[in-house]
Amino acid sequence: GRREALTGGVVLTGGGSLIDGAVKQAEDLLGFPVTLGSPQGTSGFADRVAGPEFATSVGLLHYGRRFGGESEVRHEKKQTDNFFERVKVWISENL
């Protein structure tokens, strides 16, 4: 099942991942190796966004740069004012 799909472990990102003991707690809870994620592929200002608290933001910027045009067309088709509905639509179209 899904446990076999996580053979590489779990990566924590976000500011909360920096809380003392978060990695150990996640390992104990999940039963997998856990590491802190950090942004990859940054240049110029990499030192300013090097921590796990920036990993998701930098990843979304990379995604937008790579797939932005295609994504904009899809969102025009299914425009909604509800934030959670937009997230649901994005997940269903991209995962």
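Refer to the structure printed above.
Here is what the cut-offs are and how they apply
Residues numbered from 1 in each chain as written. Predicted model: local features only at pLDDT ≥ 70, side-chain atom pairs only at ≥ 80, totals over all residues. Heavy atoms only, no water. Helix = DSSP H or I, 4+ residues; strand = E, 2+ residues; numbered from the N terminus. Buried < 20%, exposed > 50% of the residue type's maximum accessible area, 1.4 Å probe, protein only. Contact = heavy atoms within 4.5 Å. Areas by Shrake-Rupley, 256 points an atom, 1.4 Å probe, with all protein chains shown as cover. Salt bridge = Lys/Arg side-chain N within 4 Å of Asp/Glu carboxyl O. Core = buried A, V, L, I, M, F, W, Y, C linked by side-chain atoms within 4.5 Å.

1. A short note on the overall build of the protein chain
- A count of helices and strands for the protein chain gives four helices and two strands.
- When the helices and strands of the protein chain are listed from N to C terminus, the series reads α-β-α-β-α-α.
- Here the protein chain holds 95 residues, and the buried ones make up 21% of them.
- Taking the contacts inside the protein chain whose residues are at least 6 apart along the sequence as the reference set, 35% of them involve residues at least 24 apart.
- On the protein chain, roughly 7,400 Å² of surface is accessible, and the fraction owed to carbon and sulfur atoms is 56%.

2. Focus on the pattern of salt bridges
- Scanning all chains against the criterion turns up one salt bridge.
- D28 is paired through a salt bridge with K24; the nearest N and O atoms lie 2.8 Å apart. With D28 and K24 both in helix α2 (residues 22–30), this residue pair falls four residues apart, about one helical turn. Here D28 matches K24 in class, with each residue exposed.

3. Digging into the nonpolar core
- Residues V10, L12, A26, F32 and V34 constitute the largest nonpolar core, which totals five residues.
- Ignoring sequence-local partners within four residues, the contact set of A26 consists of L12, G31 and V34.

4. Some words on the environment of F32
- Topologically, F32 is positioned in the loop between α2 and β2 (34–36).
- For the pair formed by F32 and V10, sequence separation is 22 residues and the distance between their alpha carbons is 6.7 Å.

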